[in-house]
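Chain by chain, the residues run as shown.
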Amino acid sequence: MGDLAVGARSGHEGPEERPGRSDEPVDEAVADGVNPGSDAVGGDGEAKSGQDGKRPKKPRSFWKELPLLIGIALVLALVIKTFLVQAFSIPSDSMQDTLQQGDRVLVDKLTPWFGSEPERGEVVVFRDPGHWLDGEPTPDPNAVQRVLGWVGLMPSADEKDLIKRVIGVGGDTVECKGTGPVKVNGKALNEPYVFPGNTPCTVDDQGGQFKVTVPKGKIWVMGDHRQNSLDSRYHQNQPGGGAVPVDNVVGRAIVIAWPPTRWATLPKPDTFDQPGINALAGAAPGALGLAGAVPIVLWRRRRLTVAAAQGARVTGGGTDR
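Here's a quick rundown of the structure. (Residues numbered from 1 in each chain as written. Predicted model: local features only at pLDDT ≥ 70, side-chain atom pairs only at ≥ 80, totals over all residues. Heavy atoms only, no water.)

### Comments concerning the overall build of the chain
Then comes step 1: Regarding its fold elements, the chain presents four helices and 14 strands.
Then comes step 2: Partitioning the contacts of the chain with sequence separation of at least 6, the portion at a separation of at least 24 is 71%.
Then comes step 3: Accessible surface for the chain amounts to roughly 21,000 Å². Of this, 57% is attributable to carbon and sulfur atoms. (Helix = DSSP H or I, 4+ residues; strand = E, 2+ residues; numbered from the N terminus. Contact = heavy atoms within 4.5 Å. Areas by Shrake-Rupley, 256 points an atom, 1.4 Å probe, with all protein chains shown as cover.)

### Quick look at the nonpolar core
Then comes step 1: If you look at the biggest cluster of nonpolar residues, it comprises 16 residues, and the most contacted ones within it are Ile167, Val174, Val182, Leu189, Phe210 and Trp220.
Then comes step 2: Apart from the residues within four sequence positions on either side, Val174 is in contact with Ile167, Gly168, Val182, Lys183, Val184, Phe210, Lys211, Val212, Val214 and Trp220. (Core = buried A, V, L, I, M, F, W, Y, C linked by side-chain atoms within 4.5 Å. Buried < 20%, exposed > 50% of the residue type's maximum accessible area, 1.4 Å probe, protein only.)

### Some remarks on the state of the cysteines
Then comes step 1: Within this structure, the stated rule accounts for one disulfide.
Then comes step 2: Disulfide pairing places Cys176 opposite Cys201 at an S-S distance of 2.1 Å. Taking the torsion about the S-S bond as the criterion, the Cys176 to Cys201 disulfide, at about -75 degrees, is left-handed. You can see Cys176 sitting in strand β7 (residues 173-176) and its partner Cys201 sitting in the loop between β9 (187-188) and β10 (210-213), a full 25 residues away along the chain. With respect to burial, Cys176 and Cys201 carry one shared label: buried. (Disulfide = S-S within 2.5 Å.)

### Remarks on the pairing of strand β6 (residues 161-169)
Then comes step 1: Counting buried positions along β6 yields nine of nine residues, so the element is predominantly enclosed.
Then comes step 2: For strand β5 (residues 123-127) and β6, the ladder comprises five bridges, and the chain directions are antiparallel. Residue pairing for β6: Val125 is matched across the bridge by Ile163. (Pairing = 2+ DSSP bridges.)

### Here's the deal with the pattern of salt bridges
A side chain with one charge may pair with a side chain of the opposite charge, provided their charged atoms come close.
Then comes step 1: Taken as a whole and judged by the stated rule, the model has seven salt bridges.
Then comes step 2: Measuring nitrogen to oxygen at the nearest pair gives 3.2 Å for the salt bridge that ties Lys268 to Glu119. One end of the pair, Lys268, is in the loop between β14 (264-265) and α4 (279-320); the other, Glu119, is in the loop between β4 (104-108) and β5, and 149 residues separate them in sequence.
Then comes step 3: Overall, Lys268 belongs to the partly exposed group, its relative accessible area being 27%.
Then comes step 4: Ionic contacts of the salt-bridge type, sharing partners, join the residues Glu119, Lys268 and Asp273 into one network. (Salt bridge = Lys/Arg side-chain N within 4 Å of Asp/Glu carboxyl O.)

### With respect to the packing of aromatic side chains
Then comes step 1: This model, assessed by the stated rule, comprises two aromatic pairs.
Then comes step 2: Taking the centre distance of 5.7 Å and the plane angle of 90 degrees together, the rings of Phe126 and Trp132 count as edge-to-face.
Then comes step 3: When its relative accessible area of 0% is taken as the criterion, Phe126 is described as buried.
Then comes step 4: Measuring from ring centre to ring centre gives 5.2 Å for Phe210 and Trp220, while their planes differ by 40 degrees; the resulting arrangement is tilted. Highlighted residues: Phe210 in strand β10 and Trp220 in strand β11 (residues 218-222), separated in sequence by ten residues.
Then comes step 5: Exposure remark for Phe210: the relative accessible area of 6% places this residue in the buried category. (Phe/Tyr/Trp six-rings, centres within 6.5 Å; stacked < 30°, edge-to-face > 60°.)

### A short note on the environment of Ala257
Then comes step 1: With respect to the helices, strands and loops of the structure, Ala257 is situated in strand β13 (residues 249-258).
Then comes step 2: Look at Ala257 and you get partly exposed, because its relative accessible area is 29%.
Then comes step 3: Taking the C-alpha atoms as reference, Ala257 lies 7.7 Å from Asp103; in sequence the two are 154 residues apart.
Then comes step 4: Non-local contacts of Ala257, meaning those with residues more than four positions away in its chain, are made with Arg104, Val105, Leu106 and Trp263.

### What about the sheet that holds β9?
Sheet strands pair via backbone hydrogen bonds, and the direction of the pair is either parallel or antiparallel.
Then comes step 1: Spatial strand order, β9-β8-β7-β10: four strands in an open sheet with antiparallel pairing. The open sheet has two edge strands with one neighbour each: β9 and β10.
Then comes step 2: The pairing of strand β8 (residues 183-184) with β9 spans two bridges and is antiparallel. The residue bridging Lys183 from the neighbouring strand is Ala188, located in β9.

### Focus on unusual backbone geometry
Then comes step 1: In this structure, the amide linkage connecting Gln96 to the following residue, Asp97, adopts the cis form with an omega of -5 degrees.
Then comes step 2: Position of Asp97 among the secondary structure elements: in the loop between β3 (85-89) and β4.
Then comes step 3: A cis amide bond links Trp258 with the next residue in sequence, Pro259, at an omega value of 0 degrees.
Then comes step 4: The backbone phi angle of His131 is positive, close to 70 degrees, even though this residue is not glycine.
Then comes step 5: Relative to the assigned elements, His131 resides in the loop between β5 and α3 (143-151).
Then comes step 6: Positive phi, close to 55 degrees, is recorded for Asn185, a residue that is not glycine.

See the structure below:
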């Protein structure tokens with residue numbers, strides 16, 4: 001990093017030579033008999049420079065500016081961590097091969113501020129919804145690591161966070177039978193991100209076989225390393241039934257930032273865009289059709305009622321005559 005200070009001019013420079021013109025105004029210093037290239041000397045013997053009589057200020061040295069630069073950098077880092085992006089470290093193998101233990105991912109924290117909610121297929125970081133991390137070892141960072149983690153320059157060791165893939169959102173029905181595939185609203189998922197050698201569903205009596213409807217305002221998450229992930233499946237006996245509140249979601253993991261050899265983005269897989277997977281969208285045509293039919297039926301009933309009443313009046317009038 002180069003020095004930020006600009007070197008001050010030393011010594012006196014002579015006046016620039018330029019062709020004179022008879023129609024140019026005469027410099028006041030020349031008219032007074034003072035050399036324009038030298039400092040004017042006042043009556044008190046002090047050298048003066050410029051019209052205000054003050055010496056030009058010398059730039060502050062780099063070392064004097066360094067604490068200010070560090071302070072500004074820390075404030076910016078804290079703002080970025082709070083509102084924009086934050087780095088997280090992958091502590092386990094539950095998301096292999098998509099994420100490896102020790103990877104650093106950057107998490108988008110901005111879009112949730114504008115009401116964006118997790119979508120199927122996204123990899124998200126979320127706070128422990130309750131006892132998911134019981135028994136996990138707690139890291140013991142030093143003072144420097146704590147400060148860097150607090151401002152967001154390093155993953156924080158104090159935050160109890162997990163990272164998984166969103167499989168279902170509020171209102172979805174997610175199910176696993178046998179070894180799979182996983183089905184969302186009756187649609188089978190094609191999951192190339194599942195760890196090689198794993199089956200999409202796990203055959204056990206601990207939670208690997210299930211059929212759940214995700215409550216509104218919650219998400220159903222699963223690790224990509226299906227046979228090595230204690231995810232929503234294995235917390236169904238806890239409050240919330242294994243579903244994670246949307247309010248617990250810190251943000252979406254968007255890129256693997258470290259190590260450089262592992263750099264990659266984390267897009268949403270295409271299988272979650274297949275037609276009919278959205279339960280609400282599938283029900284929408286029927287709901288809209290019903291909503292449109294109700295006014296028509298009511299209008300027709302009214303017309304029949306009015307016609308019947310008119311017919312009764314006509315018939316009654318003829319009898320009286």
